[in-house]
Amino acid sequence: MRLGVTNQKGGAGKTTTTLNVAGALNQRGHDVLVIDLDPQGHATEGLGFEDLYDDPDRDSLFDVLPDLDRMGDLEQLAVEHQEVDVVPSHERMINAEDELANVMKREERLDMLFNESDADQRWDYILVDCPPNLGVLTDNAIVATGNVLIPAQAKSTSIRAIELLFKQLRSIESAFGDVDEVGLVANEVGVDGEAEEMMEWFKDIFEDRENCEVFEIRKRVALQRAWNAGVSIFEHEEDCDMEEVYLDVAEHLEDYADD
Ligand SMILES: Nc1ncnc2c1ncn2[C@@H]1O[C@H](COP(=O)(O)OP(=O)(O)O)[C@@H](O)[C@H]1O
Ligand SMILES: [Mg+2]
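Description of the structure in this document. It should be emphasised that the depicted structure is a prediction, and the values quoted were computed from it without experimental measurement.

Digging into the pairing of strand 2 (residues 32-36)
And then number 1: Among the five residues that make up strand 2, five are buried, leaving the element largely enclosed by the rest of the structure.
And then number 2: Both faces of strand 2 are covered, namely the face carrying V32, V34 and D36 and the face carrying L33 and I35.
And then number 3: Pairing geometry for strand 2 and strand 5 (residues 125-129), over five bridges, is parallel. Across the sheet, the residue bridging to D36 is D129, located in strand 5.
And then number 4: Sheet analysis places strand 2 next to strand 4 (residues 85-87), joined by three bridges and oriented parallel. Bridge pairing links L33 to D85 in strand 4.

Topic: the pattern of salt bridges
And then number 1: Counting across every chain of the model gives 17 salt bridges.
And then number 2: Residues D73 and R70 are paired through a salt bridge, measuring 2.7 Å at the closest nitrogen-oxygen approach.
And then number 3: Overall, the relative accessible area of 17% leaves D73 in the buried class.
And then number 4: Within the structure, one salt-bridge network assembled from shared partners comprises R170, E173, E181 and R209.

Brief notes about the site of ligand 1
And then number 1: Around ligand 1, the structure places 15 residues, and the nearest of them are G11, K14, T16, N187 and R220.
And then number 2: N187 has a polar side-chain atom sitting 2.8 Å from a nitrogen atom of ligand 1.
And then number 3: R220 places a polar main-chain atom, nitrogen or oxygen, 2.9 Å from a nitrogen atom of ligand 1.
And then number 4: Across the complex, the protein chains shield 81% of the 560 Å² of accessible surface that ligand 1 would expose by itself.
And then number 5: Of all elements in the fold, only helix 1 (14-27), strand 7 (180-189), strand 8 (213-218) and helix 12 (221-229) reach the threshold of two or more residues within the shell around ligand 1.

Examining the sheet that holds strand 1 (residues 2-5)
And then number 1: On the basis of which strands lie adjacent, the open sheet formed by eight strands has the order 3-4-2-5-1-6-7-8 and mixed pairing. Each edge of the open sheet carries a strand with a single partner, namely strand 3 (79-80) and strand 8.
And then number 2: As judged from the two bridges shared by strand 1 and strand 6 (residues 147-153), these two strands associate in the parallel manner. The residue bridging G4 from the neighbouring strand is V148, located in strand 6.
And then number 3: Each of strand 1, strand 2, strand 5, strand 6 and strand 7 touches helix 1; the most contacted strand, strand 5, lies at about 165 degrees to it.
And then number 4: The strands that helix 10 (residues 157-176) touches are strand 6 and strand 7; relative to strand 6, the one it contacts most, it runs at about 165 degrees.

Cut-offs applied
- Residues numbered from 1 in each chain as written.
- Chains lettered and ligands numbered in written order.
- Predicted model: local features only at pLDDT ≥ 70, side-chain atom pairs only at ≥ 80, totals over all residues.
- Heavy atoms only, no water.
- Buried < 20%, exposed > 50% of the residue type's maximum accessible area, 1.4 Å probe, protein only.
- Helix = DSSP H or I, 4+ residues; strand = E, 2+ residues; numbered from the N terminus.
- Pairing = 2+ DSSP bridges.
- Salt bridge = Lys/Arg side-chain N within 4 Å of Asp/Glu carboxyl O.
- Near = heavy atom within 4 Å.
- Polar contact = N/O pair within 3.5 Å; in protein donor to acceptor, adjacent residues only side chain to side chain.
- Areas by Shrake-Rupley, 256 points an atom, 1.4 Å probe, with all protein chains shown as cover.
- Contact = heavy atoms within 4.5 Å.
- Axes fitted to C-alpha atoms, helices over the stretch in contact; angles between N-to-C directions.

Written as structure tokens, this is what we have:
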């Protein structure tokens, strides 16, 4: 199963969700690939590969995506982490949007890379951590996966972001085929009235969709400390009560993949 973790709003919880859902899938015995599509490389750093981010000699998606001759090269971009395999970001990725602007099938390059690299045979789950904008890289993630998991803060400012994202998803769908919303991960949910109202809104909007579920992650310093330590909360030394929620997300993805 391929999954894009997306919301163009910064700080929505994309990277935290990607790394910990990936950790949960690994706990449940799956082979997982994490693609860091964000030029800022937060997932790369959160998995302990900051050295690769500015290594001038290392190939990255920046080199591969614009080059049709390299669509079979996914595996050579991947590095091994103790929990998952990772395609790290790279500082050159900041120029990837420009580089892709004038190539044909520019929104389909990641899909082609997955297909021509037999990625679905190699990994059970591929998670793509998206950048915080609705540019051509995010389009690539959505087209390549056809499934999105949407993290969002339980704040009223998330409403507009999600409405814009839906517009983008429907427009991609009309050009490239089905896109399914698999779930909404409400992130850093507090105990105030605004959070409560937003949880109602999320449930109204998302639970009406077929097979789509709403999950609730609270604010926990353990999540930040795990990121600092280069692992998910599952491999981090301290126990965290949010592990259970990420395992629920993983189980939901298993059910989804079976359908
Ligand atoms: N549930 C949470 N509890 C505590 N800190 C969190 C939580 N979710 C995210 N954070 C922190 O908030 C910041 C933004 O989260 P991040 O996942 O990087 O968002 P995005 O990838 O959407 O920009 C990070 O510093 C992260 O460690
Ligand atoms: Mg991020």
